[in-house]
Amino acid sequence: MKKTMVFAIMAIAAIIIVSSLGIQISPHNAIKIPASYEGAALFVCPVGNDVWAQIANGIAPMRKYIKWVFFFVIMILMANWGWALYQNLLSDKFKRDSYSNVWSFTKMAFWAFIIIMLVANTPNHYRVVHINGTNGDWVLCESNSPNARAVRSDAVIP
């Protein structure tokens, strides 16, 4: 594998892990809650309205159709790989050219799947909660996250 490809994969993985875990270079001061609320409070932050969240929300209604398209693409890929194998078996020798188009289609489908899934499943996608009595979406966060608020755990709906 090329060095730039390894670096790109490691950078994407690091960004996903850092953003999912909410790791910060200079954390904010933690919210102090009364001792009577300890164990019964969760910390929530308002959902950011950045470009990636808007794109993910735009893709959300089409998730079912995207899954069907990827299933269809995988079926076409299996048929193409089978056809290339069949052609090689008929000629009783290995022809590298019969696999070149199938391999490029496989790589294109793989990267399209990765990019769409990364955009559709932003880190906030798995942390979004709703709070009784408020409008909008919130995400679970830590007590030292910016704009964090403490709410009773029984008011939080996953």
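As shown above, the structure is provided for reference.
The structure presented is a predicted model; accordingly, all values stated were derived computationally and were not measured.

A.B. asks: Help me get a handle on the overall build of the protein chain, residues and values and all.
C.D. replies: If you tally the helices and strands in the protein chain, you get four helices and five strands. By the burial criterion, 20% of the 158 residues in the protein chain qualify as buried. A fraction of 73% describes how many contacts in the protein chain between residues 6 or more apart in sequence connect residues 24 or more apart. Looking at the protein chain as shown, the accessible area adds up to about 12000 Å², and 67% of this sits on carbon and sulfur atoms.

A.B. asks: Tell me about the state of the cysteines, and please be specific about residues and values.
C.D. replies: Scanning the model with the defined rule gives one disulfide in all. Here Cys-45 pairs with Cys-141 through a disulfide, and the sulfurs are 2.2 Å apart. Negative torsions about the S-S bond denote left-handed disulfides, and the value of about 90° found for Cys-45 with Cys-141 makes this one right-handed. On the criterion of sequence distance, the pair formed by Cys-45 in strand β1 (residues 41–46) and Cys-141 in the loop between β3 (138–140) and β4 (149–152) is long-range, its members being 96 residues apart.

A.B. asks: Give me the lowdown on the packing of aromatic side chains, citing residues and values where you can.
C.D. replies: Inspection of every chain in the model, using the stated rule, returns seven aromatic pairs. Judged by centre distance (5.0 Å) and plane angle (85°), the rings of Phe-70 and Phe-113 are edge-to-face. Taken together, the residues Phe-70 in helix α3 (residues 63–91) and Phe-113 in helix α4 (residues 97–120) connect sequence positions 43 residues apart. Overall, Phe-113 belongs to the partly exposed group, its relative accessible area being 35%. An aromatic cluster of at least three residues, connected via ring pairs, comprises Trp-81, Phe-94, Tyr-99 and Trp-103.

A.B. asks: Residues and numbers for the nonpolar core, please.
C.D. replies: Considering soluble globular proteins, one finds that nonpolar side chains tend to be buried as a cluster. Counting seven residues, the largest nonpolar core is built from Val-44, Val-129, Ile-131, Trp-138, Val-151, Ala-155 and Val-156. Ignoring any residue separated from it by four or fewer positions in sequence, one finds Val-129 in contact with Val-44, Asp-137, Trp-138, Leu-140, Val-156, Ile-157 and Pro-158.

A.B. asks: Could you give an account of the pairing of strand β2 (residues 128–131), naming the residues involved and the relevant values?
C.D. replies: Residue alternation in β2 divides its side chains into a buried set, Val-129 and Ile-131, and an unburied set, Val-128 and His-130. The pairing of β2 with strand β5 (residues 156–157) spans two bridges and is antiparallel. When the sheet's bridge partners are listed, Ile-131 is paired in β5 with Val-156.

A.B. asks: Account for the sheet that holds β1, with residues named and values stated.
C.D. replies: Spatially, five strands are ordered β4-β1-β3-β2-β5 in an open sheet, and the strand pairing comes out antiparallel. For this open sheet the edge positions go to β4 and β5, each flanked by a neighbour on one side alone.

A.B. asks: Outline the environment of Lys-95, supporting the account with residue identities and numerical values.
C.D. replies: With respect to the helices and strands, the residue Lys-95 is situated in the loop between α3 and α4. When the C-alpha atoms of Lys-95 and Leu-85 are compared, they prove to be 9.6 Å apart, with 10 residues separating the residues in sequence.

A.B. asks: Account for the packing of α3 against α4, naming residues and giving values.
C.D. replies: At a minimum axis distance of 10 Å, the contact between α3 and α4 shows a crossing angle of 165°. Taken together, the axis directions place α3 and α4 in an arrangement best described as roughly antiparallel. Every pair of crossing elements has a handedness; the one defined by α3 and α4 is left-handed. Between α3 and α4, the contacting residues are Arg-63, Ile-66, Phe-70, Val-73, Ile-76, Leu-77, Asn-80, Trp-81, Ala-84, Leu-85, Gln-87 and Asn-88 on the first element and Ser-98, Tyr-99, Val-102, Trp-103, Phe-105, Thr-106, Ala-109, Ala-112, Phe-113, Ile-116, Met-117 and Ala-120 on the second. A breakdown of the residues in the contact of α3 with α4 according to their chemical character gives 18 nonpolar, five polar and one charged.

Cut-offs and rules
- Residues numbered from 1 in each chain as written.
- Predicted model: local features only at pLDDT ≥ 70, side-chain atom pairs only at ≥ 80, totals over all residues.
- Heavy atoms only, no water.
- Helix = DSSP H or I, 4+ residues; strand = E, 2+ residues; numbered from the N terminus.
- Buried < 20%, exposed > 50% of the residue type's maximum accessible area, 1.4 Å probe, protein only.
- Contact = heavy atoms within 4.5 Å.
- Areas by Shrake-Rupley, 256 points an atom, 1.4 Å probe, with all protein chains shown as cover.
- Disulfide = S-S within 2.5 Å.
- Phe/Tyr/Trp six-rings, centres within 6.5 Å; stacked < 30°, edge-to-face > 60°.
- Core = buried A, V, L, I, M, F, W, Y, C linked by side-chain atoms within 4.5 Å.
- Pairing = 2+ DSSP bridges.
- Axes fitted to C-alpha atoms, helices over the stretch in contact; angles between N-to-C directions.
- Parallel < 35°, antiparallel > 145°, perpendicular 65-115°, else oblique.
- Left-handed = near helix turned anticlockwise from the far one by under 90°.
- Nonpolar A, V, L, I, M, F, W, Y, C, P; charged D, E, K, R; others polar.

Scope: geometric values only; no functional claims are made or implied.
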